[in-house]
Amino acid sequence: MKNGSRQSYDGAVVTAPVTIPYVRYSQETAHWWIARALRGVLDKAGLRTGELDGFSVSSFTLFPDTPVGLTQHLGLSPRWLDSIPMGGASGVVAMRRAARAVQSGDARYVACVAGDANHIDSFRRLLSSFSRFAMDASYPYGYGGPNASFALIADAHMQQYGTTREDFARVAVAQRDNALRNPDAIMKTALTMEQFMAARPIADPLCLFDCVMPCAGAEGFLVMREDEAVRRNLPFARIAGTIERHNAFPDDPIQLRGGWAMDVDELYAMAQGSPGEIDVLETYDDYPVISMMQMEDLGFCAKGESGKFVRDHDLTISGDYPHNTSGGQLSAGQAGAAGGYLGMVEAIRQVTGEAGPTQVPDAMTAMVSGFGMINYDRGLCSAAAILRGAR
Amino acid sequence: MSEPLSRPPKKNPQLRQKVATLPPLARSRAAMGLTAAAARGSFSLQHCSECATVQYPPRDACSACLCVDLEWRETDRGGSVVAQTTIHASPDPYYRQRLPWRSGLVKLDAGPSIFCHLHGDVRRGDRISMDIKLDRAGQGVMIALPAGRMPNMEDDPQLRTLTANPRHRRVLVTDIRAPWAVPLVHELIKAGASHVFVGEAEGWRRATPHESLASLEQVSILQLDVTDANSVKKLAAGIGGKTDILINTARHVRPGGVVGGDTVFARDEMEVNAFGLMRLAQAFGPAMASRTDDGINSAAAFVNILSASAMSAEPGYGAFSASQAAAYSISQTLRGEFRASGLRVMNVFVGPTDDEWHQQMPPPKVAPQALAKAVVDGLVCGLEDVYCGDFAKDIEERWRRDAKVLERELTGGEHG
């Protein structure tokens, strides 16, 4: 362990996974979506708002509010408040910090919630104020948004490692298959390999089904002490290990690996586990190539061999390597920062046996991976966690 | 190889005029350094003054050592294309009209990776030469150009949006009597201008080059007196809707200072050099600004030829310097007023020109031919500020270094 040993997350657990079903466009605000998810997690645990003493929020569309304003808006008096502006890494990072707060006694119950509005034109507005480097150095160049930046990464991955569009298709088609079992998924119709390959181009080499659908929605879960979860008779998951890293490998000319590659050994060491023990893999899938990068960097296959990995495995719920079992953002939709919670919430459901129609039989161990914030030319935040069920 | 642009067909006046849109305009203050570099055709990036790390995107502190002293310095343009994409979908109205659009990621030899526009002749893996140019929003942007010259490379549609290339455009040169009017007309025709209108004041006494220019097929000589509002309006009513580039060559210059000078000369200089520019902008500006998105021969630039004395007075030409400073100031206001349309205002600063009114000045002096070439090069490169000749370049450098020292030197302080 190159950073010295970290303390374990023993004693803190995650529970009460809640998804507020997504809609493509909604006139409701982020406050509305977050309130619903918060109500959902509290109801599930039988908690009153007055009992909640920790609150962690991720949202892109709260402006001009911050989580501080939300406390008054929603009538909360937390003694521990966090704001995680890390996009696709938000779910894992929120959990890591909440777990430390609970372990140390700074908070008894932390509600972790992500939610975003999606009004007509709000995606374009969000893009235009996303980051200073994006404003200065990527949007003026064709304004393709994240599609263009990830197109370049996909282009480089294909060139460097021989990855093909068919490989991307395998990821997306399997996820659509999973989404058809998830009644809350935005995408309701099957996707074939042929449809994926024939889709209209968005930013070469990416086509329509490489991209997520921006929508409105919210996700949430609770972090509390294990004995509290037991007392409340809540199914819970333990945090076997978790990592985060920002702006890894800044000298790489283009992003072909993320921060996981720096910390993955420590992740498995903490969890005393290995890729082989993972029953369910939930990666951050803003694009199939990014999920594949996570498969490589988290040790499921060697660097550059994710194409072969997705060819050799069945990534559906009933397959040998269940991946993004709720359909992922590619098929369930990307509800802003809630997209960074989707995998976490689904992983909690999986290892607690609450996943219903998307349940992987006997799933005990899940890997959740997050990736966020394309500040300029690459995603800066990476995070991952291994969750174990306690059944 | 770029497809050569063909001459656009005549326009159908019944079709709706496209309203100009701009590419994304917002920038941080640090990123404006790219705009400043592009305006004068420099390839400058921030270099850390302590560890020399080259920074990009522009920032406020060195990403290698946290030093906050970052200097904009001329930088090696070489690099290689790491990845490429063609964008087929954009939520931005400007790019939506221009899709598909090619962008890429270039690893500069100097260090950073640069997300940039790709010239049509540039492919993944190629060696390139990076340039910073002003886009339609007037902001500096990166474009990867072929490492060597390629046929018709200026005709590349993405590059063309970043320049005011005269090719296939119609140009108005406002005063036939300027010593550089004739070489300028020839340079414009050589650069592919489809037509050159040349203004002639007091047509009852023909200007010396009238016959030779009138004999050229692409040239029309038209009545224009920039001191007469009616004359300017009348010409604008006739050709304002087909003037793509306006080059104001009208200039009145008389030697002499302020104390011993004559306000009659000073008034004449103001009438031509400052108010003449205002009259031209008022008459031609609105029509040009409405036609910046009008295809291959869209309106592109409004060009002023200014004396370097606009930056700091040359006391031997006191009243003239004042008129040049006034014209410079007016051009800055015009930049603000034309910003929303994307119409570019290019100023060409020039030192003493080799003509009768600078006869007693020592060299270096700028030959009319050299000035003409600088104007056309500036348009082809898409510059905003051109410093033509060693004298103007020297004044600009000294002005940027310390305007007060320059003033003291120009007003009678020889080096000791």
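Treat the numbers as computed from the prediction; the structure is a model and nothing was measured.

Visitor: Would you take a moment to explain the overall build of chain A for this structure?
Guide: Per the secondary structure count, chain A includes 14 helices and eleven strands. Its C-alpha atoms give chain A principal-axis dimensions of about 55 × 45 × 40 Å. For chain A, with 391 residues in total, the buried portion stands at 63%. Across chain A, contacts joining residues at least 24 apart in sequence account for 77% of those joining residues at least 6 apart. Of the accessible surface of chain A, which amounts to about 13700 Å², a share of 50% is contributed by carbon and sulfur atoms.

Visitor: How do you make sense of helix α10 (residues 389-401) of chain B when you look at a structure like this?
Guide: Each α-helix winds once per 3.6 residues, and so residues spaced three or four apart point in a common direction. Residue and element names in this part refer to chain B. Taking 1.5 Å per residue as the helical rise, α10 with its 13 residues ought to reach 18 Å, and the 19 Å between its terminal C-alpha atoms agrees with that figure. All of the buried residues along α10 are Ala 392, Ile 395 and Glu 396. All buried residues of α10 project into a common sector of 100 degrees when viewed along the axis, lining one side. The exposed set on the far side of α10, more than 90 degrees from its buried face, consists of Asp 390 and Arg 401. Against the buried residues of α10 lie β14 (344-350), β15 (385-388) and α11 (403-410).

Visitor: Is there a simple way to explain the pattern of salt bridges in this structure?
Guide: Note on pairing: side chains with opposite charge can pair once their charged atoms come close. Summed over the entire model, instances satisfying the criterion amount to 49 salt bridges over all chains. The closest approach of N and O atoms between Asp 263 of chain A and Arg 245 of chain A, which form a salt bridge, is 2.7 Å. Linking Asp 263 of chain A in helix α10 (residues 260-271) with Arg 245 of chain A in strand β8 (residues 236-246), this pair joins segments that are 18 residues apart in sequence. Of the residues examined, Asp 263 of chain A reaches a relative accessible area of 1% and is grouped as buried. Since its relative accessible area comes to 23%, Arg 245 of chain A is described here as partly exposed. Arg 398 of chain B is paired through a salt bridge with Asp 394 of chain B; the nearest N and O atoms lie 2.7 Å apart.

Visitor: It is not clear to me how the sheet that holds strand β2 (residues 54-55) of chain B should be interpreted in this structure. Could you clarify?
Guide: Sheets are built from strands paired through backbone hydrogen bonds, the pairs being either parallel or antiparallel. Residue and element names in this part refer to chain B. With antiparallel pairing, three strands are arranged side by side in an open sheet as β2-β1-β3. Across the chains shown, the open sheet's two edge strands, defined by having one partner strand only, are β2 and β3 (70-74). Here strand β1 (residues 44-48) pairs with β2 via two bridges, running antiparallel. What sits directly across from Gln 46, in β2, is Gln 55.

Visitor: Just checking my understanding: could you explain unusual backbone geometry for this structure?
Guide: With the exception of glycine, most residues fall at negative phi, and the peptide bonds are largely trans. Residues and elements named next belong to chain B. In this chain, Leu 99 is followed by Pro 100 through a cis amide linkage whose omega measures -5 degrees. Relative to the helices and strands, Pro 100 resides in the loop between α2 (93-96) and β5 (101-108). The linkage connecting Pro 363 with the following residue, Pro 364, adopts the cis geometry, with an omega of 5 degrees. Mapped onto the elements of the fold, Pro 364 is located in the loop between β14 and α9 (368-381). Positive phi outside glycine occurs at Leu 66, with the angle close to 70 degrees. Locating Leu 66 in the fold gives a position in the loop between β2 and β3. Phi at Asn 152 takes a positive value of approximately 55 degrees, unusual for a residue other than glycine. Here Asn 152 shows up in the loop between β8 (140-146) and α3 (157-160). Judged by relative accessible area, which is 27%, Asn 152 ranks as partly exposed.

Visitor: I keep staring at the packing of aromatic side chains and nothing clicks. Help me out?
Guide: For any pair of aromatic rings, the description rests on two quantities: the centre-to-centre distance and the angle between the ring planes. All names here are of chain A. Overall, the coordinates contain 18 aromatic pairs over all chains when judged by the stated rule. A centroid spacing of 6.1 Å and a plane angle of 70 degrees characterise the contact between Phe 150 and Phe 371, whose relative ring orientation is edge-to-face. Of this pair, Phe 150 sits in helix α6 (residues 146-161) while Phe 371 sits in strand β10 (residues 365-374), and the two are 221 residues apart along the sequence. Considered together, Phe 150 and Phe 371 belong to a single accessibility category, that of buried residues. Between the aromatic rings of Phe 300 and Tyr 321, the centroid separation amounts to 6.0 Å while the plane-to-plane angle is 90 degrees, which identifies the pairing as edge-to-face. Of this pair, Phe 300 sits in the loop between α11 (288-297) and α12 (306-312) while Tyr 321 sits in the loop between α12 and α13 (328-332), and the two are 21 residues apart along the sequence. Take Phe 300: its relative accessible area is 9%, and that puts it in the buried class. Site record: aromatic cluster; members linked through ring pairs are Phe 150, Trp 260, Tyr 287 and Phe 371. Here the basic side chain of Arg 100 rests over the ring of Tyr 9, its NZ or CZ set 3.7 Å away from the ring centre.

Visitor: Honestly, the packing of helix α3 (residues 90-104) of chain A against helix α14 (residues 339-351) of chain A in this entry has me stumped. Any pointers?
Guide: When two helices pack together, their arrangement is given by the angle between their axes and by how far apart the axes lie. All names here are of chain A. Interaxial distance between α3 and α14 falls to 6 Å at its minimum, and their mutual angle equals 65 degrees. Contacts between α3 and α14 involve Ser 90, Gly 91, Val 92, Ala 94 and Met 95 from the former and Gly 340, Tyr 341 and Met 344 from the latter. Along the lines of polarity and charge, the residues of the contact of α3 with α14 split into five nonpolar, three polar and no charged.

Visitor: In this structure, what is going on with the interface of chain A and chain B? I would like to understand it.
Guide: As a measure of interface size, the accessible area lost when the parts come together is often cited. Listed per partner, the contact involves 29 residues of chain A and 38 residues of chain B. Between chain A and chain B, roughly 2900 Å² of surface is buried when both sides are summed, and carbon and sulfur atoms account for 62% of that area. Across the contact surface, chain A and chain B share two salt bridges. A salt bridge links Arg 132 of chain A to Asp 60 of chain B, with the shortest nitrogen-to-oxygen separation between them at 2.8 Å. On the surface where chain A and chain B come into contact, there are 17 residue pairs in polar contact (both at pLDDT 80 or more). Among the elements that take part in the side of chain A that touches chain B, α6 of chain A stands out by supplying seven residues, more than any other. Residue composition of the side of chain A that touches chain B, grouped by class: 18 nonpolar, five polar and six charged.

Visitor: I tried to follow the pairing of strand β2 (residues 54-58) of chain A on my own but got confused; where do I start?
Guide: In the case of a regular strand, side chains alternate between the two sheet surfaces. All names here are of chain A. Of all five residues making up β2, five are buried, and the element is well covered by its neighbours. Here β2 shows a buried face lined by Gly 54, Ser 56 and Ser 58 and a second buried face lined by Phe 55 and Val 57. Relative to strand β3 (residues 80-83), β2 is paired through four bridges, and the arrangement is parallel. In the sheet register, Phe 55 faces β3, and the bridge partner there is Leu 81. Crossover connection from β2 via helix α2 (residues 67-74) to parallel β3: handedness right-handed. Pairing between β2 and strand β4 (residues 109-116): five bridges, direction parallel. For Ser 58, the partnering residue across the bridge sits in β4 and is Ala 114.

Visitor: What's the story with the sheet that holds strand β12 (residues 245-248) of chain B in this structure? I'm lost.
Guide: Residue and element names in this part refer to chain B. Strand order in the open sheet made by the seven strands is β11-β10-β9-β12-β13-β14-β15, with parallel pairing throughout. One side of each edge strand has no neighbouring strand; the edge strands of this open sheet are β11 (219-223) and β15. Strand-to-strand twist in this sheet, taken as the mean axis angle between neighbours without regard to direction, amounts to 20 degrees. In terms of strand pairing, strand β10 (residues 195-200) meets β11 through five bridges, oriented parallel. The residue bridging Glu 200 from the neighbouring strand is Gln 223, located in β11. Here α10 sits on the sheet in contact with β14 and β15, set at roughly 125 degrees to β15.

Visitor: Where do I start with the side chain of Ser 103 of chain B in this structure?
Guide: Here Ser 103 of chain B lies in strand β5. For Ser 103 of chain B, a relative accessible area of 0% gives the class buried. A polar atom in the side chain of Ser 103 of chain B sits 2.8 Å from the backbone oxygen of Tyr 141 of chain A. Beyond its immediate chain neighbours, meaning those up to four positions away, Ser 103 of chain B contacts Tyr 141 and Leu 152 of chain A together with Gln 84, Thr 85, Ile 87, Phe 115, Cys 116 and Leu 118 of chain B.

Visitor: I tried to follow the environment of Asp 76 of chain B on my own but got confused; where do I start?
Guide: Residue and element names in this part refer to chain B. Looking at the element boundaries, Asp 76 is found in the loop between β3 and β4 (78-87). For Asp 76, a relative accessible area of 47% corresponds to the partly exposed category. Distance from Asp 76 to Lys 393, taken between C-alpha atoms, is 21 Å for residues 317 residues apart in sequence. With residues near it in sequence (within four places) discarded, Asp 76 still touches Phe 43, Leu 108, Asp 109 and Ala 110. Within the structure, the side chain of Asp 76 is placed 3.0 Å from the backbone nitrogen of Gly 78, a separation counted as a polar contact.

Conventions and cut-offs
- Residues numbered from 1 in each chain as written.
- Chains lettered and ligands numbered in written order.
- Predicted model: local features only at pLDDT ≥ 70, side-chain atom pairs only at ≥ 80, totals over all residues.
- Heavy atoms only, no water.
- Helix = DSSP H or I, 4+ residues; strand = E, 2+ residues; numbered from the N terminus.
- Buried < 20%, exposed > 50% of the residue type's maximum accessible area, 1.4 Å probe, protein only.
- Contact = heavy atoms within 4.5 Å.
- Areas by Shrake-Rupley, 256 points an atom, 1.4 Å probe, with all protein chains shown as cover.
- Expected span 1.5 Å × (residues − 1).
- Arc of directions from axis to C-beta.
- Salt bridge = Lys/Arg side-chain N within 4 Å of Asp/Glu carboxyl O.
- Pairing = 2+ DSSP bridges.
- Phe/Tyr/Trp six-rings, centres within 6.5 Å; stacked < 30°, edge-to-face > 60°.
- Lys NZ or Arg CZ within 6 Å of the ring centre and 35° of its normal.
- Axes fitted to C-alpha atoms, helices over the stretch in contact; angles between N-to-C directions.
- Nonpolar A, V, L, I, M, F, W, Y, C, P; charged D, E, K, R; others polar.
- Buried area = accessible area lost by both parts, 1.4 Å probe.
- Polar contact = N/O pair within 3.5 Å; in protein donor to acceptor, adjacent residues only side chain to side chain.
- Right-handed = clockwise from strand over helix to strand, strands pointing away.

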